[in-house]
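Residue-level listing of the chains:
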Amino acid sequence: MNGVTPSIDSAQARELLEGLGEEARRFRFEVAPNPCVGAAVLSGGQVIGRGFHRVWGGPHAEVEAIAQADGSGVPRERWDTLVVTLEPCSSTGKTGPCVQAILDAGIPYVVVGATDPDPRHRGEGLEQLRAAGVEVMVDPVPAPLERVAPHFLRWSDRDRIRRPRPWTVAKWAQTLTGQLSPPKDVGDGRWISCGASLEEVQLLRGRVDAIVTGVGTILADDPRLTLRRSPSPMAVDGLQTLPLGDVAGKPGATVAPARVILDSWLRTPPEARIFAAPEGGERGGAVHVVTLPGADPIRRRALEAAGARIHSVRGAKRQSLDLRSAWAWLWDQGFRRVMLESGPTLLGNALEAGFVDQLRVYTGSVRGGEGESLAGWLVEAPLEERLHRESGSDAVLEAFHG
Ligand SMILES: NC(=O)c1ccc[n+]([C@@H]2O[C@H](COP(=O)([O-])OP(=O)(O)OC[C@H]3O[C@@H](n4cnc5c(N)ncnc54)[C@H](OP(=O)(O)O)[C@@H]3O)[C@@H](O)[C@H]2O)c1
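Here the residue numbering is sequential within each chain, running from 1 through the sequence in written order. pLDDT decides what is reported in this predicted model: residues at 70 or higher carry local features, side-chain atom pairs at 80 or more are listed and counted, and totals for whole chains, interfaces and linings draw on all residues regardless. The basis for every side-chain value is the complete set of heavy atoms in the structure, and neither hydrogens nor water enter the calculation.

Let us now look at the packing of helix 3 (residues 61-71) against helix 4 (residues 98-105). A fitted line through C-alpha atoms serves as each axis, taken over the contacting stretch for helices, and the angle formed by two N-to-C directions is quoted from 0 to 180°. Helix numbering and strand numbering both begin at the N terminus, where a helix is a DSSP run of H or I of at least 4 residues and a strand a DSSP run of E of at least 2. Viewed as axis vectors pointing N to C, helix 3 and helix 4 meet at an angle of 25°, and their least axial separation amounts to 9 Å. Classified by the interaxial angle, the pair formed by helix 3 and helix 4 is roughly parallel. Between helix 3 and helix 4 the crossing geometry is left-handed. Two secondary-structure elements touch here, helix 3 through E62, V63 and I66 and helix 4 through C98, A101, I102 and A105. Note that Gly is not counted as nonpolar here; it falls among the polar residues with everything else outside the nonpolar set of Ala, Val, Leu, Ile, Met, Phe, Trp, Tyr, Cys and Pro and the charged set of Asp, Glu, Lys and Arg. A breakdown of the residues in the contact of helix 3 with helix 4 according to their chemical character gives 6 nonpolar, no polar and 1 charged. For classification purposes, angles smaller than 35 degrees are called roughly parallel, those larger than 145 roughly antiparallel, those between 65 and 115 roughly perpendicular, and all remaining angles oblique. Helix crossings get a hand from a simple test, with the near helix turned counterclockwise from the far one by less than a right angle marking a left-handed crossing and a clockwise turn marking a right-handed one. Whether two residues touch is decided by their heavy atoms; if any such pair falls within 4.5 Å, the residues are in contact.

A few words now on the site of the ligand. Being near a molecule or strand, for a residue, means having at least one of its heavy atoms within 4 Å of it. Close to the ligand lie 25 residues; A173, T217, S264, S320 and T345 are nearest. A distance of 2.9 Å separates an oxygen atom of the ligand from a polar side-chain atom of R267. Residue T345 places a side-chain N or O atom 2.5 Å away from an oxygen atom belonging to the ligand. Areas reported here follow the Shrake-Rupley algorithm with a probe of radius 1.4 Å; residue values treat only the protein chains shown as occluding. Considering the ligand on its own, with 910 Å² of exposed area, one finds that the protein chains cover 86% of that surface. Distance and chemistry together define a polar contact, namely a pair of N or O atoms within 3.5 Å, with one atom able to donate a hydrogen and the other to accept it when in protein, and with adjacent residues in sequence counting only for side-chain atoms on both sides.

A separate point is the nonpolar core. Ranked by internal contacts, the top residues of the largest apolar core, which has 48 residues, are L16, V83, I261, I274 and F275. The element contributing the most residues to this core is helix 1 (residues 10-24), with 5 residues. A domain-level breakdown of this core finds at least three residues from each of domain 1 (10-152) and domain 2 (163-401). In this view, L16 contacts I8, A40, L42, V47 and V83; residues no more than four positions away in its chain are not counted. Membership of the second largest hydrophobic core comes to 34 residues, among which are L292, L330, L374 and L397. What is meant by a nonpolar core is a set of buried Ala, Val, Leu, Ile, Met, Phe, Trp, Tyr and Cys residues, joined one to another through side-chain atoms within 4.5 Å. Exposure classes here rest on a 1.4 Å probe applied to the protein chains alone. A residue is buried below 20% of its type maximum, exposed above 50%, and partly exposed in between. Domain boundaries shown here were taken from an automatic or database domain assignment.

Turning next to the domain arrangement of the protein chain. Taken as a whole, the protein chain is organised into domain 1 (10-152) and domain 2 (163-401). For domain 1 versus domain 2, the distance between C-alpha centres works out to 33 Å.

Turning our attention to the confidence of the model for the protein chain. For every residue, the predictor assigns a confidence score, pLDDT, that lies between 0 and 100. Summarising the model, the protein chain shows a mean pLDDT of 89, and 90% of its residues fall at 70 or more. Counting interchain partners and residues more than four positions distant, the pLDDT-below-50 stretch residues 231-253 has 58 contacts.

Bringing the pattern of salt bridges into the picture now. What counts as a salt bridge is simple: a side-chain nitrogen of Lys or Arg found within 4 Å of a carboxyl oxygen of Asp or Glu. By the definition in use, this model includes 24 salt bridges. The partner of D159 in a salt bridge is R162, with the nearest N and O atoms 3.0 Å apart. Of the two residues, D159 and R162 are both situated in helix 8 (residues 158-162); the distance of 3 residues between them amounts to about one turn of the helix. Judged by its relative accessible area of 39%, D159 falls in the partly exposed class. A relative accessible area of 60% means that R162 is categorised as exposed.

Strand pairing requires that DSSP identify at least two bridges connecting the strands. What the 5 strands build is an open sheet, ordered 2-1-3-4-5; its pairing is mixed. Single-partner strands in this sheet number two, and they are strand 2 (46-52) and strand 5 (135-138). Recorded for the sheet is a direction-independent mean angle of 15° between the axes of neighbouring strands. In the packing of helix 5 (residues 124-131) onto the sheet, the strands contacted are strand 4 (109-112) and strand 5, and the crossing angle to strand 5 comes to about 150°.

For the rest of this paragraph, the subject is the environment of V111. Tracing the chain through its elements places V111 in strand 4. Residues V111 and G354 lie 243 residues apart in sequence; the distance between their C-alpha atoms is 37 Å. Residues in contact with V111, not counting those within four places in the same chain, are A13, L17, T81, L82, V83, V84 and M137.

Our next topic: helix 3. For helix 3, the set of buried residues is A61, E62, E64, A65, I66 and A69. The inward-facing, buried residues of helix 3 abut strand 1 (38-43), strand 2, strand 3 (81-84) and helix 4. Remark: G73 follows helix 3 within two positions and exhibits a positive phi of approximately 90°.

With that settled, consider the sheet that holds strand 12 (residues 337-340). One open sheet accounts for 9 strands, arranged 11-10-9-8-12-6-13-16-15; its pairing is mixed. Two strands lie at the open edges of the sheet, namely strand 11 (309-312) and strand 15 (383-391), each paired on one side alone. Ignoring strand direction, the axes of neighbouring strands in this sheet form an average angle of 20°. For strand 13 (residues 358-363) and strand 16 (residues 394-401), the ladder comprises 6 bridges, and the chain directions are antiparallel. Counterpart to T363 in the pairing with strand 16 is A395. Seen against the sheet, helix 9 (residues 195-205) touches strand 6 (167-174), strand 8 (210-214), strand 12, strand 13, strand 15 and strand 16 and runs at an angle of roughly 160° to strand 13. In the packing of helix 12 (residues 323-332) onto the sheet, contacts are made with strand 6, strand 8, strand 9 (258-262), strand 10 (287-291), strand 11 and strand 12, and the angle to strand 9 comes to roughly 165°.

This part takes up the pairing of strand 15. In terms of strand pairing, strand 15 meets strand 16 through 7 bridges, oriented antiparallel. Bridging from a neighbouring strand, E384 pairs with F400 of strand 16. The turn linking strand 15 back onto strand 16 is made up of 2 residues, and G392 within it adopts a positive phi angle of 55°.

A separate point is the state of the cysteines. Disulfides are defined as pairs of cysteine sulfur atoms found within 2.5 Å of each other. By the definition in use, this model includes 0 disulfides. Between C36, a free cysteine, and C98, which holds the nearest cysteine sulfur, the sulfur-to-sulfur gap is 15 Å. Exposure remark for C36: the relative accessible area of 2% places this residue in the buried category. Not part of a disulfide, C89 finds its nearest cysteine sulfur in C98, a span of 3.7 Å. Take C89: its relative accessible area is 19%, and that puts it in the buried class.

Right, dumping it as structure tokens:
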């Protein structure tokens, strides 16, 4: 005990926790697989700073709340309580530990809504705070985490920890009838979504470690898979609003995501645009080509000369590359959040294998189309937390894949 009296009672803390939890949920698709977290700094019973974890890799809620409290003009000596929906982190991930930020702010009383569900970290943050003399109260009501961030419970479950694979966001554009390619005479036989959606995808690309595609897409579309522009902040509810390059609060901090091509037989042409040098303002990550063992040495050398890094994973019976091995390889590269931007062949197999955790589907106002439709699948799919919104003239569906 440090003799400090919190400036709110437990009923007020509970009410605040519930409000923060609800608001934090707005960012669920932006922060996953991290949990949604909200925090508030109080002085004399008044909230003087609120913060949310808004984007994967971005500042945590506590840090944002402390920064806002700093801006309130109330001196730090008068800050008495921090209320946070989830146990503050004690280890350094994409950002520094929140426990340290709380200690640096000198806040003497911390109310926590739920302990960390990850067994590797549970209780550590609380212990460190207590050891430093901070009084900590954990809300005795069962953790709201199941409601606020069920995806995080899956991410930190025993099986996933034992056999880790990156959090995978499948993004695709489809026509009104659910096809991934428009009719040949529309949008160069390639474009389905509107300009606003293309901008959103640029933002999303800036928030993953890698973009994964199949060789079919390389052959058909010859995409660059780069970060091309720095879109201005967008006023889309629940969609993270920091401009590209501002992810960690440091302008220009975004590292361009690696580009990964699944290509069993090295059919990727060495002259593909993905290997071309970045053009004005464009950023592109390393190009990795994942292939079967014993790849043709001549093709291999030509691709390496073009700048590709070649890796092999084992094959599967019915498919080209074994997806479990490919996803394990992605994890071993240090990729924790990846985006699948492929055609229907790889997408379908990844969905079937259960390797897609989250979806973002843009339905453009294009009639008809080429290839198999995913419309029926979407109706039947085990999707959770569905969110329907608009992006320009497109309809957007976001959901977690159960
Ligand atoms: N609307 C959209 O969002 C979108 C996005 C991308 C592409 N597209 C369209 O999709 C079309 C291309 O479709 P696609 O299906 O051929 O492209 P894809 O899914 O990107 O690539 C498929 C290829 O990936 C390789 N692959 C390696 N391992 C695999 C595995 N385990 N499972 C599945 N594939 C594996 C296979 O070739 P190997 O056996 O030779 O390795 C396979 O043929 C184009 O018309 C393009 O415009 C649409």
